[in-house]
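Summary of the model geometry
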Amino acid sequence: MNPYLLIWMQFALCVALIGLAGVRLIRYGDAIAALTGLSRSWVGLILIATVTSLPELVTGLSAVTIAASPDMAVGDALGSTVFNLAILALLDVFYRKNPVYSVVSHEHLLSAGFGVILLAAAALVLILTTQGILPSIGHVSWGSVVILMLYAVAMRAMYLAEQRHPASMDSEPPAMSLKAALTGYALASMVIVGSGIWLPLIGVELARLMGWSNSFVGALFVAFATSVPELATTWGAVRIGAIDMAIANLLGSNLFDVLILAIDDLAYRPGSLYAQVSPIHAVSALSACLMTGAVVVALAYRPVSRVLHIGSWASIALLALYLLNAVLQFLYGK
């Protein structure tokens, strides 16, 4: 069989497996929220976001240990943050009842604000490491320690915020039991993990055959594939009217994706991960930071009009920044 056709078929199969598992998560997540009394926002932020980010985690670990491609790992993690925010823009475009920023909870401002902080920290770590300024502890960068601490602070703050505003129990209880919901959640997670191990190997071979850089393939194609669960769960959330869960999942996934950089750095034994990758990855971090800043403003301002009946100004800005990052990754990635 033609090797080009074979690698693209493998890539498509991997995307399909991740997507099918991801679309089930929203059903089980919504059931878990109803059965435990947790809010949809909290379940989306923690439970769903963690699982939908498992492909990035497993792909990153596989890339730095098995595939020996740190560029693929960093490109996937940061590229996924940009892609997740593009999904948020598409949610606003296709949700025709109202602009999503005007109907969702103000509580998302907290996770979006921490997203700006973590993404800016990631960009700063990449830039300082490139300049030889940031020291390491053994093979682990001090930047990873800072990212781990910031993530812990974010989770603590959001947990305390959730405790102040407990979920109401107005919705009907789901047909499935808590055990069935947790079992389904676990099975979907296993499919996502298995696909995530396979994905970076496909990505490295795809880059070789097509003559593309690992950073470009990681930031665009692998990031797209590992973000399919977010895309699938967002669509599932819209179908059941759980818009807050969709937004919380996307913003929570971005927090976890930045944490993945620190985890990948811990697993990368030859030295600091950030010293072995292309400086162009800082552009992805800064693009995602700008995009998240636009989301913060939109959540605070709550725009009700659409530009040319397409989407709010914030969503147009998100899509423009996504395309700009894609072009820069293609032109200057190595």
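This text gives an overview of the structure that appears in the document. (Residues numbered from 1 in each chain as written. Predicted model: local features only at pLDDT ≥ 70, side-chain atom pairs only at ≥ 80, totals over all residues. Heavy atoms only, no water.)

This paragraph deals with the overall build of the protein. Counting secondary structure elements, the protein contains twelve helices and two strands. Reading the helices (α) and strands (β) of the protein from amino to carboxyl end gives α-α-α-α-α-β-β-α-α-α-α-α-α-α. Evaluated residue by residue, the protein yields a buried proportion of 54% over its 334 residues. Relative to all contacts within the protein whose residues are 6 or more apart in sequence, the contacts with residues 24 or more apart total 85%. Separation between the mean location of the 14 positive side-chain charges and that of the 15 negative ones in the protein comes to 4 Å. (Helix = DSSP H or I, 4+ residues; strand = E, 2+ residues; numbered from the N terminus. Buried < 20%, exposed > 50% of the residue type's maximum accessible area, 1.4 Å probe, protein only. Contact = heavy atoms within 4.5 Å. Lys, Arg positive; Asp, Glu negative; His and termini not counted. Charge placed at Lys NZ, Arg CZ, Asp CG, Glu CD.)

Counting residues in each nonpolar core, the largest one holds 99 residues, and the members touching the most others are Leu88 and Tyr101. The leading source of residues in this core is helix α10 (residues 243-267), at 14 residues. Other than its neighbours up to four places away in sequence, Tyr101 contacts Leu88, Asp92, Ala298, Leu299, Arg302, Pro303, Ser312, Ala314, Ser315 and Leu318. (Core = buried A, V, L, I, M, F, W, Y, C linked by side-chain atoms within 4.5 Å.)

Among the secondary structure elements, Pro279 is positioned in the loop between α10 and α11 (281-301). The partly exposed category is assigned to Pro279, whose relative accessible area is 49%. In sequence terms Pro279 and Ala112 are 167 residues apart; their C-alpha atoms lie 25 Å from each other.

What follows concerns the packing of helix α4 (residues 70-94) against helix α12 (residues 313-332). Two elements in contact, α4 and α12, have axes separated by 9 Å at closest approach and are oriented at 145 degrees. Our pair here, α4 against α12, has a crossing hand that is left-handed. Listed contacts from α12 to Val82, Phe83, Leu85, Ala86, Ala89, Leu90 and Asp92 of α4 are Ser315, Leu318, Leu319, Tyr322 and Asn325. By residue class, the composition of the contact of α4 with α12 is nine nonpolar, two polar and one charged. (Axes fitted to C-alpha atoms, helices over the stretch in contact; angles between N-to-C directions. Left-handed = near helix turned anticlockwise from the far one by under 90°. Nonpolar A, V, L, I, M, F, W, Y, C, P; charged D, E, K, R; others polar.)

It is worth spelling out helix α8 (residues 214-226) at this point. Note that an α-helix has 3.6 residues per turn; residues three or four places apart therefore point the same way. Between its first and last C-alpha, α8 extends only 15 Å over 13 residues, short of the 18 Å set by a 1.5 Å rise per residue. For α8, the buried fraction is high: ten of the 13 residues fall into the buried class. (Expected span 1.5 Å × (residues − 1).)

Our next topic: α10. Here α10 is 25 residues long and its end C-alpha atoms lie 36 Å apart, about the 36 Å a rise of 1.5 Å per residue gives. Taking burial as the measure, the 25 residues of α10 include 21 buried ones, the bulk of the element.

Outside of glycine, negative phi angles account for most residues, and trans bonds account for most peptide bonds. Even without glycine at this site, Leu308 takes up a positive phi of about 55 degrees. Examined against the element boundaries, Leu308 turns out to sit in the loop between α11 and α12. Not every positive phi belongs to a glycine, and His309 is a case in point at roughly 60 degrees. Overall, the relative accessible area of 68% leaves His309 in the exposed class.

With that settled, consider the packing of aromatic side chains. Counted under the stated rule, the structure contains three aromatic pairs. Measuring from ring centre to ring centre gives 5.9 Å for Trp8 and Phe11, while their planes differ by 85 degrees; the resulting arrangement is edge-to-face. Here Phe11 and Trp8 lie together in helix α1 (residues 3-36), a separation of three residues that amounts to about one turn. For Trp8, a relative accessible area of 29% corresponds to the partly exposed category. (Phe/Tyr/Trp six-rings, centres within 6.5 Å; stacked < 30°, edge-to-face > 60°.)

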